[in-house]
Amino acid sequence: MSEALVAVETAGADTSVPAVSGARQFWRRLRGQRAALVAAAVVALLVLVALAAPLLTALEGQDPTTYHPSLIDSARGGVPIGSFGGISADHWLGVEPQTGRDMFARLVHGAQVSLGVALAATLVQVIVGIVMGVAAGLGNRWVDLVLSRITDIFVSMPLMIMALALLAVVPNSFPRPVLVALVLALVSGWSTTAKMVRAQTLTLKNLDYVAAARLSGWNTWRIAVRELLPGLAAPVITYAALLVPTNISAEAALSFLGVGVKPPTPSWGQMLTSADVWYQAAPQYLLLPAGALFVTVFAMTVLGDGVRVALDPRAASRLRIGTGRKREARAERQAGTEGRAGTERRAGTDARKEGRA
């Protein structure tokens, strides 16, 4: 409850039992979802691998840009020498066809680029979306109209076409991962976040505690920061958790089309660019980055769905299938059986009392 509403209410409330904090409730609900916990562990492991990429490659003794022509069979068109793509004690996941670059080093450094671009784009999308949405929701009719029309224009923009056009005209001297993150953030994502935040702001600003804050003399900025942002936290966090896998897929698609991260900087999407011609001769070159992308996007999606359900317990999980439904049905049947048994026991007891009387 807000400070302003507390100030105008009577001071006779019983505060002897402290309320459970929202964060504690959130973690308790999240711990009750096994799929979300497993997805969170996978995401944490991927982030740890991305952060420790230099240390891991130093431990292996390789780097992502050094060529090893001696490990390539030029007579067969550049296929790695040895089984499973040249896996050895020096090259844990083998080497890249034609170049002989270490696959493990490129994969972990690619995680650093792909996750970094996705997280940076998501952060910018959330910040811009909150600012535009709150300004439109709290502004007057003309401010709301102008900002809403700008948001609608960006919502209607096709991401891939606009990203291809922008990335093609920017000089190559500009840091490519930073450019990809900015394009993903400013072309898409923030507009849908802004529309969601605006709708929530229009709902929240009519509630009693916001009206109390307005009557107490608070300005618009203070109301937005102290009263509206806490109420916007749950939907914004939920949407941000689902934006991350979308941005990972978009970055991979742009790199696959050749306009994203440029060589020799490794990226999972860029690794897939030339892997399609090697899926028979060196299948690990295609399977490793594709598998990493699939696991990352799937884990992020499951975690985002778990966060959504934990923040809004009234919402049912979209991913609750199979054993989860069976377990719920079994619990309901057990509860019904126990209820009927209790009713029968009470009826029997009443009948025996009447017989003795």
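Residues numbered from 1 in each chain as written. Predicted model: local features only at pLDDT ≥ 70, side-chain atom pairs only at ≥ 80, totals over all residues. Heavy atoms only, no water.

## Thoughts on the overall build of the chain
Logical step 1: Each helix and strand counted, the chain has 14 helices and 2 strands in total.
Logical step 2: In the chain, which comprises 357 residues, the share counted as buried stands at 39%.
Logical step 3: Of the roughly 20000 Å² of accessible surface on the chain, 65% is carried by carbon and sulfur atoms. (Helix = DSSP H or I, 4+ residues; strand = E, 2+ residues; numbered from the N terminus. Buried < 20%, exposed > 50% of the residue type's maximum accessible area, 1.4 Å probe, protein only. Areas by Shrake-Rupley, 256 points an atom, 1.4 Å probe, with all protein chains shown as cover.)

## Some details on the packing of helix H3 (residues 34–51) against helix H13 (residues 284–311)
Logical step 1: It is the contact of H3 with H13, at a shortest axis distance of 8 Å, that shows an interaxial angle of 135 degrees. As summarised for this structure, H3 and H13 are arranged oblique, according to the angle between their axes. The chirality of how H3 crosses H13 is left-handed. Side by side, H3 and H13 meet where Ala35, Ala36, Ala39, Ala40, Val42, Val43 and Leu46 of the first sit next to Val295, Thr296, Ala299, Met300, Val302, Leu303 and Gly306 of the second.
Logical step 2: Considering only residue class, the contact of H3 with H13 consists of 12 nonpolar, 2 polar and no charged. (Axes fitted to C-alpha atoms, helices over the stretch in contact; angles between N-to-C directions. Parallel < 35°, antiparallel > 145°, perpendicular 65-115°, else oblique. Left-handed = near helix turned anticlockwise from the far one by under 90°. Contact = heavy atoms within 4.5 Å. Nonpolar A, V, L, I, M, F, W, Y, C, P; charged D, E, K, R; others polar.)

## Some thoughts on the pattern of salt bridges
Logical step 1: A full pass over the atoms with the stated rule returns 6 salt bridges.
Logical step 2: A single salt-bridge network, built from bridges that share partners, covers Glu96, Arg101 and Arg106. (Salt bridge = Lys/Arg side-chain N within 4 Å of Asp/Glu carboxyl O.)

## Thoughts on the confidence of the model for the chain
Logical step 1: Within the chain, residue pLDDT values average 80, and 81% of them lie at 70 or more.
Logical step 2: Taken together, the stretch residues 1–20 has pLDDT below 50 and engages in 16 contacts with residues farther than four places along the chain or on a different chain. (pLDDT = per-residue confidence, 0-100.)

## A short note on helix H8 (residues 176–187)
Logical step 1: Here H8 is 12 residues long and its end C-alpha atoms lie 16 Å apart, about the 16 Å a rise of 1.5 Å per residue gives.
Logical step 2: Within H8, burial applies to Arg176, Leu179, Val180, Ala181, Val183, Leu184, Ala185 and Val187.
Logical step 3: Immediately beyond the C-terminal end of H8, within one or two residues, lies Gly189, with a positive phi of roughly 90 degrees. (Expected span 1.5 Å × (residues − 1).)

## Topic: H3
Logical step 1: Here H3 spans 26 Å end to end across 18 residues, near enough to the 26 Å set by a 1.5 Å rise per residue.
Logical step 2: Every buried residue of H3 is accounted for by Ala36, Ala39, Val43, Leu46 and Ala50. With its buried residues spanning 85 degrees around the axis, H3 presents them on a single face. Residues of H3 that are exposed and point more than 90 degrees away from the buried face comprise Arg34, Val38, Leu45, Leu48 and Leu51. (Arc of directions from axis to C-beta.)

## A few points about a positive patch on the surface
Logical step 1: On the surface, Arg24, Arg28, Arg29 and Arg31 cluster together into a patch of positive charge.
Logical step 2: Tracing the chain through its elements places Arg31 in helix H2 (residues 22–31). (Patch = residues over 30% accessible without salt bridge, like charges linked within 9 Å, V, L, I, M, F, W, Y side chains within 5 Å. Lys, Arg positive; Asp, Glu negative; His and termini not counted. Charge placed at Lys NZ, Arg CZ, Asp CG, Glu CD.)

## A look at unusual backbone geometry
Logical step 1: Look at Gln98: it is not a glycine, yet its phi comes out positive at around 70 degrees.
Logical step 2: Counting through the fold element by element, Gln98 comes out in the loop between strand S2 (79–80) and helix H5 (103–138).

## Some words on the packing of aromatic side chains
The description of an aromatic ring pair uses the distance of the two centres, along with the angle that the planes make with each other.
Logical step 1: Scanning the entire structure with this criterion turns up 3 aromatic pairs.
Logical step 2: Just above the ring of Trp142 sits the side chain of Arg141; from NZ or CZ to the centre is 4.8 Å.
Logical step 3: The lysine or arginine in question, Arg222, covers the ring of Trp218, its NZ or CZ lying 4.1 Å from the ring centre. (Phe/Tyr/Trp six-rings, centres within 6.5 Å; stacked < 30°, edge-to-face > 60°. Lys NZ or Arg CZ within 6 Å of the ring centre and 35° of its normal.)

## Observations concerning the nonpolar core
Logical step 1: Ranked by internal contacts, the top residues of the largest apolar core, which has 31 residues, are Leu115, Ile248, Trp268, Leu293 and Met300.
Logical step 2: For this core, the secondary structure elements donating two or more residues are H2, H3, H5, helix H11 (220–256), helix H12 (268–273) and H13.
Logical step 3: With 9 residues, the top contributor of residues to this core is H13.
Logical step 4: In this structure, Trp268 is in contact with Leu107, Gly110, Ala111, Ser114, Pro289, Ala292, Leu293 and Thr296, ignoring residues within four places of it in sequence.
Logical step 5: In terms of nonpolar packing, the next biggest core, distinct from the first, is built from 16 residues, Ala121, Ala163, Ala185 and Val259 among them. (Core = buried A, V, L, I, M, F, W, Y, C linked by side-chain atoms within 4.5 Å.)

## Let's talk about the environment of Met300
Logical step 1: With respect to the helices and strands, the residue Met300 is situated in helix H13.
Logical step 2: Measuring from C-alpha to C-alpha, the distance between Met300 and Pro245 comes to 5.8 Å, with 55 residues separating the pair along the chain.
Logical step 3: Residue contacts for Met300: discarding those within four places in its chain leaves Val43, Leu115, Ala241, Val244, Pro245 and Ile248.

## What about the packing of H5 against H11?
Logical step 1: Closest axis-to-axis distance for the H5/H11 pair is 8 Å, and the angle between their directions is 145 degrees. The handedness of the crossing between H5 and H11 comes out as right-handed. Contact residues: H5 offers Ser114, Leu115, Val117, Ala118, Leu119, Ala121, Thr122, Gln125, Val126, Ile130, Val134 and Leu138, while H11 offers Thr220, Ala224, Leu228, Leu229, Leu232, Val236, Ala240, Leu243, Val244, Asn247, Ile248 and Glu251.
Logical step 2: For the contact of H5 with H11, the class distribution of residues is 18 nonpolar, 5 polar and 1 charged.

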